[in-house]
Amino acid sequence: MSDDLPPGPESTSRPASTGGPESTDSLDSTEALQNGVDRFAHRKLIRLPARHNPKLGELVARVNQDPEIYALWVATNVNAVERLHMTDHGPVHVQIVANSALRILRLLLAAG
């Protein structure tokens, strides 16, 4: 055993890695850094039909340009998908929910 930091809370939720060559539980720092770079290099943009709504168009543009918002989405996805093996909770999830909410709002407004 090395003098590394003690295991984090995620180590109690699943068995520890055997450390063998087949293990993918832990990445060396270079691989982890490259994964982080890749996540931002292939940034997903939120697209919503603005339908002549300049405020919505401006909001979507500002959200897409904000690196802090995107970083939070990426972190959420790492926790949900990679660590907890849940479904997507990052930018794709935001896209789906935003489109659904916009559709519901437009139906309600059309109904009066």
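Before any of the text, the structure's been laid out above.
Residues numbered from 1 in each chain as written. Predicted model: local features only at pLDDT ≥ 70, side-chain atom pairs only at ≥ 80, totals over all residues. Heavy atoms only, no water.

Notes on the side chain of Arg106
Line of reasoning, step 1. Residue position: Arg106 is located in helix 4 (residues 91–111).
Line of reasoning, step 2. No salt bridge is formed by the buried Arg106. Its closest oppositely charged neighbour is Glu58, at 15 Å.
Line of reasoning, step 3. Setting aside residues no more than four positions away along its own chain, Arg106 makes contact with Pro49, Ala50, Arg51 and Leu56. (Helix = DSSP H or I, 4+ residues; strand = E, 2+ residues; numbered from the N terminus. Buried < 20%, exposed > 50% of the residue type's maximum accessible area, 1.4 Å probe, protein only. Lys, Arg positive; Asp, Glu negative; His and termini not counted. Salt bridge = Lys/Arg side-chain N within 4 Å of Asp/Glu carboxyl O. Contact = heavy atoms within 4.5 Å.)

What to know about the side chain of Asn77
Line of reasoning, step 1. Relative to the assigned elements, Asn77 resides in helix 3 (residues 67–83).
Line of reasoning, step 2. What makes Asn77 buried here is its relative accessible area of 18%.
Line of reasoning, step 3. Beyond its immediate sequence surroundings of up to four residues, Asn77 is in contact with Glu82, Asp88, His89 and Gly90.

Digging into the nonpolar core
Line of reasoning, step 1. One finds Ile46, Leu48, Leu56, Val60, Val63, Tyr70, Trp73, Val74, Val78 and Leu102 forming the largest nonpolar core, which totals 10 residues.
Line of reasoning, step 2. Elements with a contribution of two residues or more to this core: helix 2 (54–65) and helix 3.
Line of reasoning, step 3. The leading source of residues in this core is helix 3, at 4 residues. (Core = buried A, V, L, I, M, F, W, Y, C linked by side-chain atoms within 4.5 Å.)

Let's talk about helix 4
Line of reasoning, step 1. Taking 1.5 Å of rise per residue, 21 residues should cover 30 Å, and helix 4 covers 30 Å from first to last C-alpha, within 8% of that figure.
Line of reasoning, step 2. Turning to helix 4, its buried residues number three or more, namely Pro91, Gln95, Leu102 and Arg106. Buried positions in helix 4, seen along its axis, are confined to an arc of 50° and lie on one side of it. In helix 4, the exposed positions that point more than 90 degrees away from the buried face belong to Ile96, Leu108 and Ala111.
Line of reasoning, step 3. Those residues of helix 4 that are buried lie in contact with helix 2 and helix 3.
Line of reasoning, step 4. Two residues or fewer after helix 4 comes Gly112, characterised by a positive phi angle close to 90°. (Expected span 1.5 Å × (residues − 1). Arc of directions from axis to C-beta.)

What to know about the environment of Ala61
Line of reasoning, step 1. Here Ala61 is to be found in helix 2.
Line of reasoning, step 2. Taking the relative accessible area as the measure of exposure, Ala61 reaches 30% and is therefore partly exposed.
Line of reasoning, step 3. Spatially, the C-alpha atoms of Ala61 and Arg47 are 9.0 Å apart, while their sequence positions differ by 14 residues.

Points about helix 2
Line of reasoning, step 1. Here helix 2 spans 16 Å end to end across 12 residues, near enough to the 16 Å set by a 1.5 Å rise per residue.
Line of reasoning, step 2. Taken as a whole, helix 2 has its buried residues at Leu56, Val60, Val63 and Asn64. Relative to the axis of helix 2, the buried residues are bounded by an arc of 100° and lie together on one face. Across from the buried face of helix 2, at angles greater than 90 degrees, the exposed residues are Pro54, Lys55, Arg62 and Gln65.
Line of reasoning, step 3. On its buried side, helix 2 packs onto helix 3 and helix 4.
Line of reasoning, step 4. Two or three places before Lys55, at the start of helix 2, stands the capping residue Asn53, its side-chain oxygen 3.2 Å from that residue's backbone nitrogen. (Polar contact = N/O pair within 3.5 Å; in protein donor to acceptor, adjacent residues only side chain to side chain.)

All we've got here are geometric facts, nothing functional implied.
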